[in-house]
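Next come the chains, spelled out residue by residue.
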Amino acid sequence: MFNDIGALELLTLAILGVLVFGPDKLPKVVQDASRFIRKIREFSESAKEDIRTELGPEFKDFEFEDLNPKTFVRKQLMDGNDDLGLKEIRESFDLRKEITEVTDAVNGRSAASVEAKSGVSGGASVTAANGSKSAPDLLKKSEQPPKDTPPPFDADAT
C-alpha cells in the first residue's frame, strides 16, 4: 500500500504526528489507525469472498485485479495465449523492411542488390510476364496521351 514512501517521508510523518497529537497521545492514535486499516482490509476481503460465492463455480478463478484495464489488456493481448494470432500479425508489420523497399525503388536500386546486401528477400516484388520477379520501376515515365484527347472524367469523384 505504501511501497513508495521513503525513510525521509516516514520521518516527516512521525515528527508531524508528534507535533499534532503530542507524545502521550501518539501511541493511541497509531493503534486506532492500524485497527481501522485492519478492519477495512477484513471488510474488503469478506466482500470479495461474498462476490465470488455469489458468482458461482464458473468464476472460481476470477481476480478483481483483472478489472483494471491495464491488467486486462496485458493479460488478454500480451501473454502467451495467442488465440487471435496477434503474434503473427505483429511480426508481419516490419516497417523498416517496407521503408527500405520503397526507398530503394525511388532511388532506382534493384531489389536483387538490396537482397544481396541485407540478406532479406523483398516481399514487395512484382512478377513479370515471363515469371521472373523484379522490383517495380517507379522512375519510368508513363506514356503521354495525345494532346487532343480530354483527360478522363469521373462523375463519382466530383
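Residues numbered from 1 in each chain as written. Predicted model: local features only at pLDDT ≥ 70, side-chain atom pairs only at ≥ 80, totals over all residues. Heavy atoms only, no water.

Trainee: Looking at this model, I keep getting lost on helix α2 (residues 26-55). Mind explaining?
Mentor: Note on helix geometry: an α-helix contains 3.6 residues per turn, so any two residues three or four positions apart are oriented the same way. Across its 30 residues, α2 extends 44 Å between first and last C-alpha, which sits within 8% of the 44 Å expected from 1.5 Å per residue. Two residues or fewer after α2 comes glycine 56, characterised by a positive phi angle close to 105 degrees. (Helix = DSSP H or I, 4+ residues; strand = E, 2+ residues; numbered from the N terminus. Expected span 1.5 Å × (residues − 1).)

Trainee: For this particular structure, what's the right way to read helix α5 (residues 95-107)?
Mentor: Look at α5: 18 Å from first C-alpha to last across 13 residues, which is about the 18 Å you get at 1.5 Å a residue. Positive backbone phi, approximately 85 degrees, marks glycine 108, located one or two places after α5.

Trainee: What am I meant to see in the pattern of salt bridges here?
Mentor: Between side chains of opposite charge, a pair can form as their charged atoms come close. Counting across every chain of the model gives 3 salt bridges. With a closest N to O distance of 3.3 Å, glutamate 49 and arginine 52 form a salt bridge. You can see glutamate 49 and its partner arginine 52 sitting in helix α2, 3 residues apart, about one turn around the helix. Owing to a relative accessible area of 42%, glutamate 49 belongs among the partly exposed residues under this scheme. (Salt bridge = Lys/Arg side-chain N within 4 Å of Asp/Glu carboxyl O. Buried < 20%, exposed > 50% of the residue type's maximum accessible area, 1.4 Å probe, protein only.)

Trainee: Please explain a nonpolar patch on the surface as it appears in this structure.
Mentor: On the surface, Leu8, Leu11, Ile15, Leu16, Leu19, Val20 and Phe21 cluster together into a nonpolar patch covering about 750 Å² of accessible area. Residue position: valine 20 is located in helix α1 (residues 7-21). Exposure remark for valine 20: the relative accessible area of 56% places this residue in the exposed category. (Patch = residues over 30% accessible without salt bridge, like charges linked within 9 Å, V, L, I, M, F, W, Y side chains within 5 Å. Areas by Shrake-Rupley, 256 points an atom, 1.4 Å probe, with all protein chains shown as cover.)

Trainee: What am I meant to see in the environment of arginine 52 here?
Mentor: Distance from arginine 52 to phenylalanine 62, taken between C-alpha atoms, is 7.6 Å for residues 10 residues apart in sequence. Excluding residues that lie within four positions of it along the chain, arginine 52 makes contacts with Phe62, Glu63 and Phe64. (Contact = heavy atoms within 4.5 Å.)

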